[in-house]
Amino acid sequence: MKNLIALSSLLVLSSAFAANQSIEVVYGPDNRQDIYQVRNNLHLQLAQATAGMIDVRQFQKSAKPNFFDLVGTESLERAMNICPSESFSQQPIAPNCSGFLVAPDTLITAGHCYKSFSTPENVCKGFAWVFGYDMKSPNANPTKDIPVTNIYTCKSVVAAELNQTMDYAIIKLDRPVTGRAPLKFRTTGKIANNAQLVVIGHPTGLPTKVSPGAKVTKNTDSTKFSTNLDTFQGNSGSAVFDANTGILEGILIQGRTDYRPSKESDPRSCLVVNKCDDNVQNCAFVGNDNLGGVQWGEVVLRITALTSKIKQAQFAK
């Protein structure tokens, strides 16, 4: 890991890669929880397999041996003009996308995190994956004293696609992840209609958030399903689970606009979360999600669409 900083060869903005995917919105009450707030032991266990994609230029050796700090971070309020009254507005943002473990050295994220604005190989060199970027207490600072054992670099992009049907990237890490179990995922069939869901990732680059209280809203497409999960840009690549069994069902890839001006008459006013009815069909705005015209909420790529590719990746060197 001593060469972590030297890996960076990109001059792109770390927020650019997900810019062409409009993700997401809050449906009904905001269900996002920090790690210290989560009381569901299953969800806490699943969160251990979640990682954030962070520009390697932001890592700086800390005063403690074998630890790193993140530099150049700002609060959500300062970085994105979010109103101070909004949830998590004072927390630091860093991850560009989210990802999760499916094997000890194999991670999955959204394809647009690797293919939107650069070649996957360049993104592989320019970003690290960090586990445990979360709030372990109300006053925690996740940008300080990150153990080197939580930081992994991208060895190779085993496979990546970005088109109307598929949006995924399978990443081989520089070494097996220790102390964190890969996720168990569905290999056949599909999730039940109206199944209860939880998503875990980094909305708007924030420390890990666990967001339960959602369900399937459309389940007819062969490779995708829609939900009313509370997700945001930065949740791209997040793992979506059956909330009761903990089985991984898919990858969060697409959704609606996150924020809107607090004053409709002033587009420069600070931003607030875009909110919608829990019944997504009652929302005041629609879009095309390739699932029939009307956007039925946040879009998830079924993990079963990648079963064979994941098996191949597990044996790749």
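Above: the structure in question.
Anyway, here's the lowdown on the structure attached to this text. (Residues numbered from 1 in each chain as written. Predicted model: local features only at pLDDT ≥ 70, side-chain atom pairs only at ≥ 80, totals over all residues. Heavy atoms only, no water.)

**Describing the overall build of the chain**
- Along the backbone of the chain there are five helices and 23 strands.
- Looking at the chain residue by residue over its 317 residues, the buried ones come to 55%.
- Considering only contacts in the chain between residues 6 or more positions apart, those separated by 24 or more positions represent 74%.
- Counting only carbon and sulfur atoms, one obtains 49% of the accessible surface of the chain, whose full area is about 13,300 Å². (Helix = DSSP H or I, 4+ residues; strand = E, 2+ residues; numbered from the N terminus. Buried < 20%, exposed > 50% of the residue type's maximum accessible area, 1.4 Å probe, protein only. Contact = heavy atoms within 4.5 Å. Areas by Shrake-Rupley, 256 points an atom, 1.4 Å probe, with all protein chains shown as cover.)

**A short note on the sheet that holds strand β4 (residues 59–61)**
- The strand order across the open sheet formed by three strands is β4-β5-β11, and the pairing between neighbours is antiparallel. Among the strands making up the open sheet, the edge pair consists of β4 and β11 (146–147).
- Bridge count for strand β5 (residues 67–70) against β11 is two bridges, and the pairing is antiparallel. Paired with phenylalanine 68 across the bridge in β11 is isoleucine 146. (Pairing = 2+ DSSP bridges.)

**Comments concerning the environment of asparagine 274**
- By the element assignment, asparagine 274 lies in the loop between β21 (266–273) and β22 (275–276).
- Measuring from C-alpha to C-alpha, the distance between asparagine 274 and aspartate 258 comes to 5.5 Å, with 16 residues separating the pair along the chain.

**A few points about the state of the cysteines**
- This structure, assessed with the given rule, holds three disulfides.
- Paired by a disulfide, cysteine 97 and cysteine 113 hold their sulfur atoms 2.1 Å apart. Its torsion about the S-S bond being -95 degrees, the disulfide of cysteine 97 and cysteine 113 is classed as left-handed. Of this pair, cysteine 97 sits in strand β8 (residues 97–103) while cysteine 113 sits in helix α3 (residues 112–115); the two residues are 16 residues apart in sequence, bridging distant segments of the chain. Exposure class is identical for cysteine 97 and cysteine 113. Each is buried.
- In this model cysteine 124 forms its disulfide with cysteine 154; the gap between the sulfur atoms is 2.1 Å. Around the S-S axis, the bridge from cysteine 124 to cysteine 154 shows a dihedral of about -100 degrees and counts as left-handed. Here the residue cysteine 124 occupies a position in helix α4 (residues 120–126), and cysteine 154 occupies one in strand β12 (residues 151–162), the gap between them amounting to 30 residues. In terms of burial, cysteine 124 and cysteine 154 fall into one category: buried. (Disulfide = S-S within 2.5 Å.)

**Quick look at empty space enclosed by the protein**
- The final tally for this structure, using the stated rule, is one cavity of 30 Å³ or more.
- The space that makes up the largest cavity amounts to roughly 30 Å³.
- Around the largest cavity, the lining residues are Ala47, Thr50, Gly132, Asp134 and Thr208.
- Broken down by class, the residue content of the lining of the largest cavity amounts to one nonpolar, three polar and one charged. (1 Å grid on protein atoms, 1.4 Å probe; cavity = no way out; pocket = protein on both sides within 12 Å on 5 of 7 lines; lining within 4 Å. Points joined across faces, edges and corners; volume = space filled by probe spheres on them. Nonpolar A, V, L, I, M, F, W, Y, C, P; charged D, E, K, R; others polar.)

**Observations regarding the pattern of salt bridges**
- Taken as a whole, this structure holds ten salt bridges when the rule is applied.
- Residue arginine 78 is joined to glutamate 74 by a salt bridge in which the shortest nitrogen-to-oxygen separation is 3.8 Å.
- The partner of lysine 172 in a salt bridge is aspartate 105, and the shortest N-O contact between them spans 3.4 Å. Taken together, the residues lysine 172 in strand β13 (residues 167–173) and aspartate 105 in the loop between β8 and β9 (106–109) connect sequence positions 67 residues apart. Side by side, lysine 172 and aspartate 105 carry an identical accessibility label, which is buried. (Salt bridge = Lys/Arg side-chain N within 4 Å of Asp/Glu carboxyl O.)

**Topic: the sheet that holds β12**
- Spatially, β3-β8-β9-β13-β12-β10 is the arrangement adopted by the six strands of the closed barrel, whose pairing is antiparallel. When strand polarity is set aside, the average angle formed by the axes of neighbouring strands in this sheet is 40 degrees.
- Bridge count between strand β3 (residues 50–55) and β8: four bridges; the pairing is antiparallel. Looking at β8, one finds that glycine 52 is bridged to serine 98.
- With respect to the sheet, helix α5 (residues 307–315) is in contact with β8, β9, β12 and β13, its orientation differing from that of β13 by roughly 15 degrees. (Axes fitted to C-alpha atoms, helices over the stretch in contact; angles between N-to-C directions.)

**A word on the packing of aromatic side chains**
- Under the defined criterion, the tally for this structure stands at three aromatic pairs.
- Each ring, one from phenylalanine 131 and one from tyrosine 152, has its centre 5.7 Å from the other, and the planes form 90 degrees; the classification is edge-to-face. Here the residue phenylalanine 131 occupies a position in strand β10 (residues 127–131), and tyrosine 152 occupies one in strand β12, the gap between them amounting to 21 residues. The same class applies to phenylalanine 131 as to tyrosine 152, namely buried.
- The ring of tyrosine 152 has arginine 175 sitting right over it, with the charged end atom 3.9 Å from the ring centre.
- For lysine 209, the ring lying beneath its charged end belongs to phenylalanine 88, and the centroid distance is 4.6 Å. (Phe/Tyr/Trp six-rings, centres within 6.5 Å; stacked < 30°, edge-to-face > 60°. Lys NZ or Arg CZ within 6 Å of the ring centre and 35° of its normal.)

**Considering the nonpolar core**
- Judged by nonpolar contacts, the single largest core of 47 residues is most densely connected at Phe100, Ile108, Tyr114, Leu248, Ile251 and Ile303.
- In contact with isoleucine 108, not counting residues within four places along its chain, are Ser98, Gly99, Phe100, Val102, Ala169, Ile170, Gly237, Ile251, Ile303, Leu306 and Ile310.
- Of all hydrophobic cores here, the second largest spans twelve residues; its members include Leu70, Ala94, Val130 and Ile146. (Core = buried A, V, L, I, M, F, W, Y, C linked by side-chain atoms within 4.5 Å.)

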